[in-house]
Amino acid sequence: MEIKSFQLNHVGRFESLHIDLAPTASMAANVTVFVGSNGAGKTSLLKSLATSLSWFVARLRSEKGSGNPIPEEAITNSALSASVDIDVYYQDNSYNWTIAKTQKGKKGNLSSNLTEASKLADFFRASLSNDESTSLPLIAFYSVERVVLDIPMKIRGRHSFLQIDGYDNSLSHGVDFRRFFEWFREREDTENESGISQEILDKLQSMVGPDSEVWSKLAQLKASSRDKQLTAVRTAIANFMPGFSNLRVRRNPLHMSIDKHEEQLNVLQLSQGEKSLMALVGDIARRLAMMNPQLENPLHGDGIVLIDEVDMHLHPTWQRNVIARLTDTFPSCQFVLTTHSPLVISDYKDALVYLLEEGRLSALPSQYGQDANTVLLDVMGTSARNADIDSKLNDLLDAIQARQFNLAHQLMIELDAELPSGNMELAKAKLILRKQELRRAED
Ligand SMILES: Nc1ncnc2c1ncn2[C@@H]1O[C@H](COP(=O)(O)OP(=O)(O)OP(=O)(O)O)[C@@H](O)[C@H]1O
Ligand SMILES: [Mg+2]
């Protein structure tokens with residue numbers, strides 16, 4: 001399932017804006033990225049999509065279900081009503097629906113039409129009625145408030161998770177770590193009941209030694225009894241976070257632990273960036289696993305994933321490969337992302353990148369392979385260097401060019417005092433200045 005396009009009418013700062021999402025005729029990949037300055041409207045776009053999709057999800061849950069309304073404050077200040085039209089494509093059919101909102105006590109000219117959202121949802125409900133293990137499409141929105149690792153203090157009674165529960169809070173909270181934890185524990189219990197628990201296995205290993213034949217047989221047995229859905233989550237986390245493995249629930253006291261290289265850590269001890277990535281990837285993987293019980297590899301399940309500020313908390317190295325990791329790990333999901341990072345868009349070849357400026361949208365030429373400074377300058381409209389230093393360096397070069405050597409020396413002394421020794425630009429300028437002075441001496 002994928003969103004072909006959507007249109008905002010009087011939503012936030014957008015009067016009327018139509019947006020095609022990848023894959024398009026010219027861009028086969030399934031990643032669209034929005035960039036733009038603070039307040040450009042990136043979050044408004046994702047929220048509008050989430051609102052619109054919430055109606056499909058609600059009607060999948062129940063025939064007359066209601067999704068989220070467009071919030072009144074999102075209606076453009078000068079307008080009476082707002083609407084979001086969406087065009088969703090599924091199995092060669094296109095489904096269009098509109099969700100609209102009018103200011104309280106006013107009469108607007110936009111109205112909702114959800115007939116086709118219902119039709120698409122009906123299709124899935126009918127499939128579920130025929131076959132309980134039918135796959136459902138993942139639909140999730142991860143807002144910037146996504147990283148709250150909320151771990152229950154005690155274990156509630158057993159909880160059963162249906163496929164459709166994969167949609168719980170998927171368009172409001174994003175990461176639902178409490179549910180993640182409960183689900184993980186539930187699956188782990190079942191896994192342990194049908195096989196040998198990790199704790200027993202650890203004890204056996206210390207008794208027989210890791211090189212013995214008994215141990216290798218036990219390990220094989222253990223691998224074959226692994227829960228497919230938990231394996232999916234563990235694999236996704238390992239793909240994103242090299243060096244991290246063995247996510248599991250521990251009791252007394254109740255907590256979730258993960259091994260970072262050789263060290264065992266409570267997940268609450270992880271750094272903000274580690275938590276943020278683990279929660280995001282774990283949540284996508286868990287939902288896909290729940291929704292695709294029939295798939296051999298649930299990570300290959302179909303879906304639409306919206307992530308606001310995908311670079312949030314990530315070190316540049318992780319920013320660089322975040323899109324590639326998302327698309328490698330979840331190859332059948334369509335991604336709609338926003339970012340402030342030049343590295344996110346310069347390291348992935350097949351993303352459709354849009355720049356939002358003054359309420360207008362423009363598709364950018366591929367930024368693949370561009371260096372970060374060029375992206376900062378060309379796309380993000382900001383200098384790669386501190387503006388003061390930049391202008392002084394320019395003045396220095398101008399002075400050298402104009403053979404104003406006294407001024408050049410004075411600027412050089414100022415820059416020398418301000419910049420760390422070994423600054424490349426300054427070193428180059430010094431060289432040019434020396435050459436010019438030599439030339440003048442020769443003349
Ligand atoms: N009802 C409204 N009418 C007109 N303009 C609005 C309305 N609501 C929001 N805006 C404008 O939309 C902007 C908010 O957009 P949004 O939060 O989507 O920006 P963003 O691109 O996500 O920014 P950031 O990068 O800071 O998160 C505000 O700066 C405001 O100018
Ligand atoms: Mg935003």
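Residues numbered from 1 in each chain as written. Chains lettered and ligands numbered in written order. Predicted model: local features only at pLDDT ≥ 70, side-chain atom pairs only at ≥ 80, totals over all residues.

## Remarks on the sheet that holds strand E8 (residues 255-260)
Judged by pairing direction, the sheet is antiparallel, and its three strands sit side by side in the order E7-E8-E9 without closing on themselves. At either end of the open sheet lies a strand with only one pairing partner, and these are strand E7 (244-250) and strand E9 (263-266). For this sheet the average axis-to-axis angle between neighbouring strands, irrespective of direction, equals 25°. In the sheet, E8 pairs with E9 via four bridges, with the strands oriented antiparallel. Bridge pairing links Ile-258 to Leu-265 in E9. (Pairing = 2+ DSSP bridges. Helix = DSSP H or I, 4+ residues; strand = E, 2+ residues; numbered from the N terminus. Axes fitted to C-alpha atoms, helices over the stretch in contact; angles between N-to-C directions.)

## Some points on the domain arrangement of the protein chain
If you check the domain split of the protein chain, you get domain 1 (2-378) and domain 2 (387-442). The C-alpha centroid of domain 2 is placed 51 Å from the C-alpha centroid of domain 1. (Domains from an automatic or database assignment.)

## Thoughts on the sheet that holds strand E11 (residues 333-338)
Strand order in the open sheet made by the six strands is E6-E10-E11-E3-E12-E13, with mixed pairing throughout. Edge positions in the sheet fall to strand E6 (138-142) and strand E13 (360-363), since each has one partner strand and no second. Between one strand and the next, the sheet's axes are offset by a mean angle of 15°, whatever the strand orientation. As paired strands, E6 and strand E10 (residues 303-307) are joined by five bridges and run parallel to one another. Among the inter-strand pairings, Leu-138 is bridged to a residue of E10, identified as Gly-303. Its contacts with the sheet put helix H1 (residues 42-61) on strand E3 (31-36), E6, E10, E11 and strand E12 (351-357), and the angle it makes with E11 is roughly 145°. (Contact = placed C-beta atoms within 7 Å.)

## Remarks on the packing of helix H12 (residues 405-418) against helix H13 (residues 424-442)
Interaxial distance between H12 and H13 falls to 11 Å at its minimum, and their mutual angle equals 155°. Relative to H13, the element H12 is oriented roughly antiparallel. By crossing handedness, the relation of H12 to H13 is classed as left-handed. Contacts from Phe-405, Ala-408, Met-412, Leu-415 and Asp-416 in H12 reach Leu-426, Lys-430, Leu-433 and Glu-437 in H13. Broken down by class, the residue content of the contact of H12 with H13 amounts to six nonpolar, no polar and three charged. (Parallel < 35°, antiparallel > 145°, perpendicular 65-115°, else oblique. Left-handed = near helix turned anticlockwise from the far one by under 90°. Nonpolar A, V, L, I, M, F, W, Y, C, P; charged D, E, K, R; others polar.)

## A word on the pairing of E13
Of the strand pairs in this sheet, E12 and E13 are connected by four bridges, and their pairing is antiparallel. Looking across to E13, one finds that Glu-357 is bridged to Arg-360. What sits between the antiparallel neighbours E12 and E13 is a turn of two residues, in which Glu-358 has the positive phi angle 50°.

## Digging into the nonpolar core
Counting residues in each nonpolar core, the largest one holds 98 residues, and the members touching the most others are Val-33, Leu-49, Val-281, Ala-285, Leu-288, Val-305 and Leu-306. Ranked by residue count, the leading element in this core is helix H7 (residues 272-291), at eleven residues. Within the second largest apolar cluster, eight residues are counted, among which are Leu-393, Leu-396, Ile-400 and Ala-429. (Core = buried A, V, L, I, M, F, W, Y, C linked by C-beta atoms within 7 Å. Buried ≥ 20, exposed ≤ 12 C-beta atoms within 10 Å, placed from the backbone.)

## Focus on the site of ligand 1
Taken together, 15 residues lie near ligand 1, and Asn-38, Gly-39, Lys-42, Thr-43 and Ser-44 sit nearest. Ranked by the residues each element gives to the shell around ligand 1, the list is headed by H1, at three residues. Classifying every residue of the shell around ligand 1 gives three nonpolar, nine polar and three charged. (Near = placed C-beta within 6 Å.)

## Looking at helix H6 (residues 228-240)
With 13 residues, H6 extends 19 Å from end C-alpha to end C-alpha; this agrees with the ideal 18 Å at 1.5 Å per step. Residues of H6 that are buried: Gln-229, Leu-230, Ala-232, Val-233, Arg-234, Ala-236, Ile-237 and Phe-240. (Expected span 1.5 Å × (residues − 1).)

## Some details on the environment of Pro-71
Along the chain, Pro-71 falls in the loop between H1 and strand E4 (81-90). Residues Pro-71 and Tyr-95, 24 residues apart in the sequence, show an inter-C-alpha distance of 24 Å.

## Regarding the packing of helix H11 (residues 387-401) against H12
How two helices pack is summed up by the angle between their axes together with the distance between the axes. In the contact formed by H11 and H12, the axes pass within 9 Å of each other and the chain directions differ by 150°. Judged by the inter-axis angle, H11 sits roughly antiparallel to H12. Regarding H11 and H12, the two cross each other, and that crossing is left-handed. For the pair H11 and H12, contact is made by Ile-389, Lys-392, Leu-393, Asp-395, Leu-396, Ala-399 and Ile-400 and by Leu-407, Ala-408, Leu-411, Met-412, Glu-414, Leu-415 and Glu-418, respectively. Residues of the contact of H11 with H12, tallied by class, amount to ten nonpolar, no polar and four charged.

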